[in-house]
Amino acid sequence: MIKPSFLDSPRLEFIIAGLIAIVSVTFALSAWRTSVVASSAGDASRKGIIDALKKQASTNEDWRRTFEQAGYAETYATYLAQVQALEASSEPAATDQAANLRKYLLPSLQQLANPLATDSKYKKADGTYDFQMLFTDLEAQSPDLSGLKPEASFQLADRYFAEQRWLVVASVLLAVSLFWLALAEVSGKRLRLAITIIGAAVYALGLGALVVIEVVFVLLRGGVL
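Computed from a predicted model, the values in this text were never measured in an experiment. (Residues numbered from 1 in each chain as written. Predicted model: local features only at pLDDT ≥ 70, side-chain atom pairs only at ≥ 80, totals over all residues. Heavy atoms only, no water.)

## Here's the deal with the pattern of salt bridges
So, point 1. The full count for this structure, using the stated rule, is 10 salt bridges.
So, point 2. Here Arg46 and Asp43 are joined by a salt bridge, their closest N and O atoms 2.2 Å apart. Placement of the pair is Arg46 and Asp43 together in helix α1 (residues 10-87), with a separation of 3 residues, close to one helical turn.
So, point 3. Judged by its relative accessible area of 48%, Arg46 falls in the partly exposed class. (Salt bridge = Lys/Arg side-chain N within 4 Å of Asp/Glu carboxyl O. Helix = DSSP H or I, 4+ residues; strand = E, 2+ residues; numbered from the N terminus. Buried < 20%, exposed > 50% of the residue type's maximum accessible area, 1.4 Å probe, protein only.)

## Here's the deal with the nonpolar core
Nonpolar side chains in soluble globular proteins tend to end up buried together.
So, point 1. Formed by 19 residues in total, the largest nonpolar core has its most connected members in Ile16, Leu167, Leu181, Leu210 and Ile213.
So, point 2. When contributions to this core are tallied by element, the ones reaching two or more residues are α1, α5 (150-186) and α6 (189-220).
So, point 3. Not counting chain neighbours up to four residues away, the residues in contact with Ile213 comprise Glu163, Trp166, Leu167 and Ala170.
So, point 4. If you look at the next biggest cluster of nonpolar residues, it comprises 17 residues, including Val83, Ala98, Ala113 and Ala117. (Core = buried A, V, L, I, M, F, W, Y, C linked by side-chain atoms within 4.5 Å. Contact = heavy atoms within 4.5 Å.)

## A few points about the packing of α1 against α5
So, point 1. Between α1 and α5, the shortest axis-to-axis distance is 8 Å and the interhelical angle comes to 165 degrees. In terms of axis orientation, α1 runs roughly antiparallel to α5. Viewed along their axes, α1 and α5 form a crossing whose handedness is left-handed.
So, point 2. In the contact of α1 with α5, the residues fall into 27 nonpolar, 12 polar and 6 charged. (Axes fitted to C-alpha atoms, helices over the stretch in contact; angles between N-to-C directions. Parallel < 35°, antiparallel > 145°, perpendicular 65-115°, else oblique. Left-handed = near helix turned anticlockwise from the far one by under 90°. Nonpolar A, V, L, I, M, F, W, Y, C, P; charged D, E, K, R; others polar.)

## Topic: α6
Residue pairs spaced three or four apart in an α-helix point in one direction, given the helix's 3.6 residues per turn.
So, point 1. End to end, α6 covers 47 Å across 32 residues, agreeing with the expected 46 Å (1.5 Å per residue, within 8%).
So, point 2. When α6 is considered as a whole, its buried residues turn out to be Arg192, Ile195, Thr196, Gly199, Val202, Tyr203, Gly206, Leu210, Ile213, Glu214, Phe217 and Val218.
So, point 3. Against α1 and α5 lie the buried residues of α6.
So, point 4. Positive backbone phi, approximately 75 degrees, marks Gly222, located one or two places after α6. (Expected span 1.5 Å × (residues − 1).)

## Quick look at the packing of aromatic side chains
So, point 1. Tallied over the full model, the rule gives 3 aromatic pairs.
So, point 2. Each ring, one from Trp63 and one from Phe67, has its centre 5.6 Å from the other, and the planes form 25 degrees; the classification is stacked. Of the two residues, Trp63 and Phe67 both sit in helix α1, 4 residues apart, roughly one turn of that helix.
So, point 3. The class of Trp63 is partly exposed, set by a relative accessible area of 28%.
So, point 4. You can call Phe67 exposed: its relative accessible area is 52%.
So, point 5. Between Trp63 and Phe135, the ring centres sit 4.0 Å apart and the planes meet at 10 degrees, which makes this aromatic pair stacked. Of this pair, Trp63 sits in helix α1 while Phe135 sits in helix α3 (residues 131-140), and the two are 72 residues apart along the sequence.
So, point 6. Among the aromatic residues, those joined into a ring-pair cluster are Trp63, Phe67 and Phe135. (Phe/Tyr/Trp six-rings, centres within 6.5 Å; stacked < 30°, edge-to-face > 60°.)

## What to know about the side chain of Glu163
So, point 1. Mapping Glu163 onto the fold places it in helix α5.
So, point 2. Contact partners of Glu163, with chain neighbours within four places excluded, come to Arg33, Val37, Ile213, Glu214, Phe217 and Arg221.

## Overview of the confidence of the model for the protein chain
So, point 1. Per-chain confidence: the protein chain averages 90 in pLDDT, with 96% of residues scoring 70 or above.
So, point 2. When the elements of the protein chain are averaged for pLDDT, helix α4 (residues 143-146) gives the smallest value, 71, and α5 the largest, 96. (pLDDT = per-residue confidence, 0-100.)

## Remarks on the environment of Glu185
So, point 1. Its place among the elements puts Glu185 in helix α5.
So, point 2. Each C-alpha atom, one on Glu185 and one on Ser30, is 24 Å from the other, the two residues being 155 residues apart in sequence.

## Regarding the environment of Ser30
So, point 1. For Ser30, the location among the structural elements is in helix α1.
So, point 2. Considered as a pair, Ser30 and Val172 are 142 residues apart in the sequence and their alpha carbons are 10.0 Å apart.
So, point 3. Excluding anything up to four places from it in sequence, Ser30 contacts Leu167, Ser171, Leu174 and Leu210.
So, point 4. A distance of 2.5 Å separates polar atoms of two side chains, one belonging to Ser30 and the other to Ser171. (Polar contact = N/O pair within 3.5 Å; in protein donor to acceptor, adjacent residues only side chain to side chain.)

Laid out in structure tokens, this is it:
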């Protein structure tokens with residue numbers, strides 16, 4: 001009785017079927033991981049946009065408060081100069097008016113212009129106000145907002161998107177491997193082994209690419225999956 005060769009035995013068919021099952025599972029896992037990475041990229045991008053909007057809104061509000069106080073400080077300085085001029089007058093009516101203004105008007109204006117008009121650190125040597133210093137102090141009063149780093153979120157999103165693109169490439173290799181293995185099942189006996197080897201080689205290449213891609217990008221993200 002002639003012993004059947006490896007090409008004629010059912011073992012090769014079992015091997016091909018097993019490889020197809022393994023590649024199919026790997027392809028499904030690759031597609032799942034690609035979906036997870038795409039979702040993480042979208043989340044990081046949305047977080048960056050939200051943080052950027054929050055930071056910009058806070059900055060706009062701080063500048064609004066800065067210029068608002070600048071207007072009050074200018075009004076206060078104007079009325080203070082008028083009061084001082086009236087106080088220097090020799091006319092009793094002028095001094096009485098100056099006293100009323102100093103008692104009733106200036107305190108309210110000073111309160112509105114606080115701290116720009118009351119804190120000496122905001123006064124420059126030429127007598128003008130340091131608006132940039134006031135703005136910096138207002139920014140420091142919101143540590144939660146000043147700690148927002150939208151650039152870091154955008155950078156993380158870019159790395160996720162880059163990984164997604166490379167995972168798609170690896171998935172294509174797995175799909176090509178499935179094609180060759182499926183072709184091996186229906187091919188003739190002479191070509192079956194060669195086509196199986198090609199399919200297995202392409203699968204090994206795709207699997208190696210998946211591992212390398214995952215390791216490299218996890219390291220780039222500082223261990224974040």
